[in-house]
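Chain and residue survey
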Amino acid sequence: MDTQYFIDLEDRFGAHNYKPLDVVLQRGEGVWVWDVEGKKYLDCLSAYSAVNQGHSHPVIRQTMIEQVQKLTLTSRAFRNDQLGLFYKEICALTNTHKVLPMNSGAEAVETVIKAVRKWGYKIKKVPKDQAEVIVCENNFHGRTISIIGFSTNEQTKDKFGPFTPGFKIIPFGDAEALENAITPNTVAFLVEPIQGEAGVIIPPDGYLKKIRSICEQHNIVLILDEIQTGLGRTGKLLAEEHEGIEADVTLIGKALSGGLYPISAVLSNTEVLGVFMPGDHGSTFGGNPLACAVARAAIKVLIEEKMIDNAAKMGKYFLSQLKGIKSPLIKEIRGKGLLIGVEFFPDIGGAHRLCEQLMENGVLCKETHDHIIRFAPPLIISKEDIDWALEIIEPVLRTGKI
Ligand SMILES: *Cc1c(COP(=O)(O)O)cnc(C)c1O
């Protein structure tokens, strides 16, 4: 079976809601993936930071196999012997008091919106159905109807209305705008510490500290969406640590399973998740023993194998080497840890063709917003791997070809 055969199948039978690069992958190990024709590539996307621990990490894989042979799903109608241990370990690691496990990132976001609304009515005494959540321009929090309703990306919303009310949008990185948007009915501020999908947009220094203090002052729940930035991606366990703050609620997902299983979680102080009563919320698969066992292993290897330190070190190196590339095509290069964005001038005709060039030569990455390429390899990447990638990346970024 060749590449074109699989592409034709996808095109014929699948909804066309993605425009993938035409590479058909079959196998992955560490930072490397192989296509159906046996060609090897360095993965510089890591499934949007879900594969931080590297493809098919042996410890996570083995844990998954063993758990599959024991017990996979009970539903939350019964208890299981993995859920409590997962709670205990993730709470200890992230200094959290309460956890609510879900499956996808979008579900974690939906969950927290329900929680802060109920918190607003029950604890803050906001009048019925008046709760407001403040969010940022160019946010990305997922693809459900409620979430896309507060997106500022036209295509994301186009022809999908009507949307859920109760959201207010302010510019990202502007603490004063937050202060000005707050009303007595504001219950929460939902924000990404670094906007990943928007193109690795890093807020000004001190922003997180400022929003932390504003939320405290006005009795508003600060929710950090760390689904992409969390679990080591930026060189810290959570990106909030770069400014030494703690959110009231943190959302994690993606790398929580190392890419082996869809798992997300809402991590919260006692007060916010404390508002949920039996029957308020749920998910058939959320918190299942397979998910919990996989997540426990994924967190364990992240810490024990010092992947976060490596992300900090290798991120610094990768970023400085990329910044050393002199190119008339590049407008700006920015990043934190191994979350790096290269922004091209809009008149180069989009970054998609550059991604195709890189793919041809063995480096997989994907453009975001037409003219930005995100480099986000697994956190286990070595200096040798980065040097190998740079040999390919450098000429493409400099000239648009190799
Ligand atoms: C990927 C992502 C989500 C959505 O996660 P899904 O698992 O795709 O639903 C939400 N927020 C951020 C910041 C993300 O990067």
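The model shown is predicted, which means the values in this text are computed figures rather than measured ones.

With respect to the sheet that holds strand 7 (residues 186-191)
- The strand order across the open sheet formed by seven strands is 4-10-9-8-7-5-6, and the pairing between neighbours is mixed. The open sheet has two edge strands with one neighbour each: strand 4 (98-102) and strand 6 (167-170). When strand polarity is set aside, the average angle formed by the axes of neighbouring strands in this sheet is 20°.
- Bridge count for strand 9 (residues 249-252) against strand 10 (residues 264-268) is four bridges, and the pairing is antiparallel. In the strand pairing of strand 10, L251 is matched with V266.
- Docked against the sheet, helix 4 (residues 83-94) engages strand 4, strand 9 and strand 10, running at close to 120° with respect to strand 4.
- Here helix 9 (residues 207-217) sits on the sheet and contacts strand 5 (132-136), strand 7 and strand 8 (221-225); the angle it forms with strand 7, its principal contact strand, is near 165°.

Re the packing of aromatic side chains
- According to the stated counting rule, one finds six aromatic pairs in the structure shown.
- With 5.5 Å between their ring centres and 75° between their planes, Y5 and F6 make a pair best called edge-to-face.
- Judged by relative accessible area, which is 39%, Y5 ranks as partly exposed.
- Lying across the ring of W32, K40 places its NZ or CZ 4.3 Å from the centre.

Some words on the pattern of salt bridges
- Counted according to the given criterion, the structure contains 16 salt bridges.
- Among the salt bridges present, the one from E89 reaches R296, with a minimum N-O distance of 2.9 Å. You can see E89 sitting in helix 4 and its partner R296 sitting in helix 11 (residues 289-304), a full 207 residues away along the chain.
- Here E89 falls in the partly exposed class, since its relative accessible area comes to 29%.
- A salt bridge links K118 to D280; the nearest nitrogen and oxygen atoms lie 2.5 Å apart. Here K118 is found in helix 5 (residues 105-124), whereas its partner D280 is found in the loop between helix 10 (270-273) and helix 11, with 162 residues between them in sequence.
- Put simply, K331, E332, R334 and E343 are held in one network by salt bridges that share partners.

Observations regarding the side chain of T96
- Along the polypeptide, T96 turns up in the loop between helix 4 and strand 4.
- A distance of 2.7 Å separates polar atoms of two side chains, one belonging to T96 and the other to T94.
- Leave out the neighbours within four places in its chain, and T96 touches C91, L267 and S268.

A closer look at the sheet that holds strand 11 (residues 330-336)
- Strand order in the open sheet formed by four strands is 11-12-15-14, and the pairing between neighbours is antiparallel. Taken across any chain shown, the strands that pair with only one partner, and hence form the sheet edges, are strand 11 and strand 14 (366-368). Neighbour to neighbour, the strand axes of the sheet diverge by 30° on average, direction disregarded.
- The pairing of strand 14 with strand 15 (residues 372-375) spans three bridges and is classified as antiparallel. Considered in strand 15, the bridge of T368 is made with I372.

Examining the site of the ligand
- For the ligand, the full set of nearby residues is S104, G105, A106, F140, H141, G142, E192, D225, I227, Q228 and K254.
- Between the ligand and D225 there is a distance of 2.7 Å, counted from a nitrogen atom to a side-chain nitrogen or oxygen.
- Measuring from an oxygen atom of the ligand, one finds a side-chain N or O atom of Q228 at 2.8 Å.
- Protein contacts shield 81% of the accessible area of the ligand, which totals 380 Å² for the unbound molecule.
- Residues of the shell around the ligand, tallied by class, amount to three nonpolar, five polar and three charged.

Here we look at the domain arrangement of the chain
- Split into domains, the chain comes out as domain 1 (3-56 + 306-399) and domain 2 (58-304).
- Distance from the C-alpha centre of domain 1 to the C-alpha centre of domain 2: 26 Å.
- Approximately 2,500 Å² of surface area, both sides summed, lies buried where domain 1 meets domain 2, with 56% of it carried by carbon and sulfur atoms.
- One can count one salt bridge joining domain 1 with domain 2.

Considerations on the nonpolar core
- Among the nonpolar cores identified, the biggest contains 72 residues, and L256, L322, F344 and F375 are the most heavily contacted of them.
- Core analysis: the second largest hydrophobic core is formed by 30 residues, M102, V126, V187 and V249 among them.

A closer look at the packing of helix 12 (residues 307-323) against helix 14 (residues 383-399)
- In contact at an axis separation of 10 Å, helix 12 and helix 14 are set at 25° when each is read in the N-to-C sense. If you check the angle between helix 12 and helix 14, you find them roughly parallel. Like other packed secondary-structure pairs, helix 12 and helix 14 cross with a definite hand, here right-handed. Touching M314, Y317, F318, Q321 and L322 of helix 12 are K383, I386, D387, L390, I393 and L397, all from helix 14.

Some details on a negative patch on the surface
- On the surface, D2, D8, E10, D11, D22, E37, E356 and E360 cluster together to form a negatively charged patch.
- At the level of secondary structure, the elements contributing two or more residues to the negative patch comprise helix 1 (3-13) and helix 13 (352-360).
- Here the element with the most residues in the negative patch is helix 1; it accounts for three residues.

Reading guide: rules and limits
Each residue is numbered by its place in its chain's sequence as written, counting from 1. The predicted nature of this model means local features are confined to residues of pLDDT at least 70 and side-chain atom pairs, given and counted, to a pLDDT of 80 or more, with totals for whole chains, interfaces and linings taken over all residues. Only heavy atoms go into the side-chain values, all of them from the structure, while hydrogens and water stay out. Two strands are said to pair when DSSP picks up at least two bridges between them. Only runs of H or I of at least four residues qualify as helices and only runs of E of at least two qualify as strands under DSSP, and these elements are numbered from the N terminus. Fitted lines through C-alpha atoms give the axes, limited to the stretch in contact for helices. The angle between two N-to-C directions lies from 0 to 180 degrees. We call two residues in contact whenever any of their non-hydrogen atoms come within 4.5 Å of each other. Pairing of aromatic rings covers Phe, Tyr and the six-membered ring of Trp, with a centre-to-centre limit of 6.5 Å; geometry is then stacked below 30 degrees between planes, edge-to-face above 60, and tilted otherwise. The cut-offs for exposure are 20% and 50% of the maximum accessible area for each residue type, with area from a 1.4 Å probe on protein chains only; residues under the lower value are buried, those over the upper are exposed, and the others partly exposed. Criterion for a charge above a ring: Lys NZ or Arg CZ within 6 Å of the ring centre, and within 35 degrees of the ring normal. Throughout this description, the term salt bridge denotes a Lys or Arg side-chain nitrogen within 4 Å of a carboxyl oxygen of Asp or Glu. In protein, a polar contact requires one atom able to donate a hydrogen and another able to accept it; more generally it is a pair of N or O atoms within 3.5 Å, and residues adjacent in sequence count only if both atoms are side-chain atoms. Put simply, a residue is near a molecule or strand once any heavy atom of it comes within 4 Å of that molecule or strand. We get accessible surface area from the Shrake-Rupley algorithm with a probe of 1.4 Å; when it comes to residues, only the shown protein chains can shield them. Note on residue classes: Ala, Val, Leu, Ile, Met, Phe, Trp, Tyr, Cys and Pro are nonpolar, Asp, Glu, Lys and Arg are charged, and everything else, Gly too, is polar. Residue ranges labeled as domains rest on an automatic or database domain assignment. Note on terms: buried area is the combined drop in 1.4 Å-probe accessible area of two parts once they are placed together, counting the loss on both. Residues belong to a common nonpolar core when they are buried Ala, Val, Leu, Ile, Met, Phe, Trp, Tyr or Cys residues joined through side-chain atoms within 4.5 Å. The scheme is simple: roughly parallel for angles under 35 degrees, roughly antiparallel for over 145, roughly perpendicular for 65 to 115, oblique for anything else. Left-handed describes a crossing in which the near helix is turned anticlockwise from the far one by less than a right angle; the clockwise case is right-handed. Residues forming no salt bridge and having over 30% relative accessible area are the ones grouped into patches, like charges within 9 Å of each other and nonpolar side chains (Val, Leu, Ile, Met, Phe, Trp, Tyr) within 5 Å. When charges are counted, Lys and Arg contribute as positive and Asp and Glu as negative, whereas His and the chain ends are disregarded. The atoms used to mark charge sites are NZ of Lys, CZ of Arg, CG of Asp and CD of Glu.

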